[in-house]
Amino acid sequence: MNISVDNLPDSLRGQIHGVESAIDNESLALFTDNKDVRVSIEHAAHGLRAYSNTFNHYDLWGRFVRSGHKKLPLEEAPKKTIVTRKISEKVDGILYEGEIKITPAVVSTKKDGDDEEFLVWPSDREEKVERALIRLASKGKIVKINFKSGIQYAVIFSMNELAQELKAVGQSMPYPQIKESLEALQGSKLSFKYTATDTKNPSIDDSFYESNMNFLSSLHFSGKKGQGGNIKCVACLNAFVHNMIDNLEYKGYYFNSAQELKRGLSRWMMLRLYHLWRYAAPGKTYHFRLISIMEKYGSIYSDDEITENKLKALRRDMTTTMKDLIEKGAISEYNISNVKDEKSGKIIDYVYEMHPSAQFCDEILALNKHHKRIEIQGGKRIVENAEVIDEDTLEEIVKK
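Residues numbered from 1 in each chain as written. Predicted model: local features only at pLDDT ≥ 70, side-chain atom pairs only at ≥ 80, totals over all residues. Heavy atoms only, no water.

Chemist: Before we go on, may I ask you to explain the sheet that holds strand E13 (residues 232-237) in this structure?
Modeler: Each strand in a sheet pairs with its neighbour through backbone hydrogen bonds, running either in the same direction (parallel) or in the opposite one (antiparallel). Taken together, five strands build an open sheet; the order of strands is E1-E8-E9-E13-E12 and the sheet is antiparallel. Either end of the sheet is taken by a strand with one partner, and the two such strands are strand E1 (16-21) and strand E12 (216-222). For this sheet, the mean inter-axis angle between neighbouring strands, taken without regard to orientation, is 25°. With six bridges joining them, E12 and E13 adopt antiparallel strand pairing. Looking at the pairing, Phe221 lines up with Cys233 of E13. Most of the contacts of helix H3 (residues 124-138) go to strand E9 (residues 150-158), to which it runs at about 100°, and overall it touches strand E8 (142-147), E9, E12 and E13. (Pairing = 2+ DSSP bridges. Helix = DSSP H or I, 4+ residues; strand = E, 2+ residues; numbered from the N terminus. Axes fitted to C-alpha atoms, helices over the stretch in contact; angles between N-to-C directions. Contact = heavy atoms within 4.5 Å.)

Here it is as structure tokens:
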């Protein structure tokens, strides 16, 4: 991608010293390295699958609003606009626990020639656009911008390129909707505080983190009137995502497989399986409790009263998602067991046990080998008895 200071939007030119593409930057070269990430053709519905990245614990947090208000005229704003959720995720032996708060964006829209302001909470629409944006970044549409105020990573793309990524997985949107989603991502704020406990080394003190940021750090457009899809966009990623790229705290997944699913819960579950089920193999299963997983997704909150009818509705939603995952080829089957109240004997929850398909096991194996190679190249994984690693040696290490 040929990017220079001269062909960036005017709003950026005076603020920066230089730009580096993924070819010139080691961290971005690793992030955009998607060669050899493939599955056996006989098991691949799409041949070589579209590859993207997902960020370790960040993408598992309930950062999107699933129910309630998603867009409201400013004058109809409720007294409480900030959505608060609990964080509880275990990734690679680290337990993350805490709280996340989501503040909606204020987006202006033309109506009958006048500007009308809306509160927009980041919801399923914004999640689709964010996933497509990271897919573009993973394909090489990402640069390092040396601002006078510091360094940021940014995705550079045309509106048409983003629209095509959405269309490829059956999520077509008109350009105004895509632009509003980008503006909602830039305007919406994330506030989180959490502890990170190393469960493998309990003697190590817990680490505490607290941050405030936007989903996207900043957003810039340039073009001419009537260009539509040819409008150039620059979306600067937030500092949290920037650091995760530098520290190799991301994993690969097959974008098409997850994003082609029609239902939000099914897409989220598929991404979660790619992220957490890294030891998927024949005979191994993955367990979760219904209420806990729906709370993580954002359908319910920790202080909600779960009535019998509500529990039935949650189970129906998950049944549909399980069917989606079977049809998509991620799991071969699943089992459900009841969780009963000791005193009343009433069913208060369900435990799901999922069995991976042969296709999914092949995909995970390919992704794990790729991730291992990235860690070796990035210096995060120490390779014993290998002073010099050439291409042939590296291939042998990855195969082990």
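Chemist: Can you walk me through the side chain of Arg267 in this structure?
Modeler: By the element assignment, Arg267 lies in helix H8 (residues 264-276). Despite its burial, Arg267 pairs with no opposite charge; the closest candidate is Asp124, at 4.7 Å N-O. Excluding anything up to four places from it in sequence, Arg267 contacts Asp124, Lys128, Gln171, Ala258, Gln259, Leu261 and Lys262. (Buried < 20%, exposed > 50% of the residue type's maximum accessible area, 1.4 Å probe, protein only. Lys, Arg positive; Asp, Glu negative; His and termini not counted. Salt bridge = Lys/Arg side-chain N within 4 Å of Asp/Glu carboxyl O.)

Chemist: Whenever I open this one, the pattern of salt bridges confuses me. Can you help?
Modeler: Side chains that carry opposite charge are capable of pairing whenever their charged atoms lie near each other. A full pass over the atoms with the stated rule returns 22 salt bridges. Glu180 is the partner of Arg125 in a salt bridge, and the nearest nitrogen-oxygen pair spans 3.0 Å. Of the two residues, Arg125 is situated in helix H3 and Glu180 in helix H5 (residues 175-187); the sequence distance between them amounts to 55 residues. Each of the two residues, Arg125 as well as Glu180, counts as buried. Residue Glu308 pairs with Lys312 through a salt bridge whose shortest N-O separation is 3.7 Å.

Chemist: Is there a simple way to explain the sheet that holds strand E7 (residues 114-120) in this structure?
Modeler: With antiparallel pairing, the three strands of this open sheet are ordered in space as E3-E7-E6. The sheet is open, and its two edges are formed by strand E3 (71-73) and strand E6 (105-111), each paired on a single side. Direction aside, neighbouring strands of the sheet carry axes that sit 40° apart on average. Direction of pairing for E3 relative to E7: antiparallel, over a ladder of three bridges. Within E7, the position partnered with Leu72 by the bridge is Leu119. H5 rests against E3, E6 and E7 of the sheet, and its axis sits at about 150° to E6.

Chemist: Looking at this structure, I do not really get H8. What am I missing?
Modeler: Residues that lie three or four places apart on an α-helix share one face, since the helix turns once every 3.6 residues. Taking 1.5 Å of rise per residue, 13 residues should cover 18 Å, and H8 covers 18 Å from first to last C-alpha, within 8% of that figure. For H8, the tally of buried residues reaches 12 of 13 residues, placing the bulk of the element in the interior. (Expected span 1.5 Å × (residues − 1).)

Chemist: Would you explain the layout of surface pockets in this entry?
Modeler: Empty space among the atoms becomes visible once a probe the size of a water molecule is rolled across them. What the largest pocket holds in volume is close to 1,200 Å³. Around the largest pocket, the lining comprises 48 residues; the ones closest to its centre are Asn56, Val91, Asp92, Lys251 and His371. Looking at the lining of the largest pocket element by element, the count peaks at eight residues for helix H11 (residues 358-378). Here the second largest pocket is characterised by a volume of approximately 360 Å³. In terms of lining residues, the second largest pocket is bounded by 19 residues, among which Lys80, Ile82, Val83, Thr84 and Tyr301 are the most central. Tallying contributions element by element places strand E4 (residues 83-91) first for the lining of the second largest pocket, with four residues. (1 Å grid on protein atoms, 1.4 Å probe; cavity = no way out; pocket = protein on both sides within 12 Å on 5 of 7 lines; lining within 4 Å. Points joined across faces, edges and corners; volume = space filled by probe spheres on them.)

Chemist: Teacher, can you tell me more about unusual backbone geometry here?
Modeler: Most peptide bonds take the trans form, and the phi angle of most residues other than glycine is negative. Positive phi, close to 50°, is recorded for Asp92, a residue that is not glycine. Tracing the backbone through its elements, the reader meets Asp92 in the loop between E4 and strand E5 (94-103). According to the relative accessible area criterion, Asp92 is exposed, its value standing at 51%. Phi is positive for Leu248, close to 60°, though the residue is something other than glycine. For Leu248, a relative accessible area of 7% corresponds to the buried category.

Chemist: I keep staring at the packing of aromatic side chains and nothing clicks. Help me out?
Modeler: How two aromatic rings sit relative to each other is given by the distance of their centres and the angle of their planes. Inspection of the entire model under this criterion finds 21 aromatic pairs. Ring geometry for Trp61 against Phe240: centres 5.9 Å apart, planes inclined by 40°, an arrangement best described as tilted. Highlighted residues: Trp61 in the loop between strand E2 (51-55) and E3 and Phe240 in helix H6 (residues 239-246), separated in sequence by 179 residues. Residue classification places Trp61 among the buried positions, given a relative accessible area of 4%. Linked through ring pairs, Tyr253, Tyr254, Tyr274, Trp277, Tyr286, Phe288, Tyr334, Tyr352 and Phe360 together constitute an aromatic cluster. Over the ring of Phe221 we find Lys179; its NZ or CZ atom is 4.7 Å from the centre of that ring. Here Arg315 stacks its cationic end above the ring of Tyr350, 4.7 Å away from the centre of that ring. (Phe/Tyr/Trp six-rings, centres within 6.5 Å; stacked < 30°, edge-to-face > 60°. Lys NZ or Arg CZ within 6 Å of the ring centre and 35° of its normal.)

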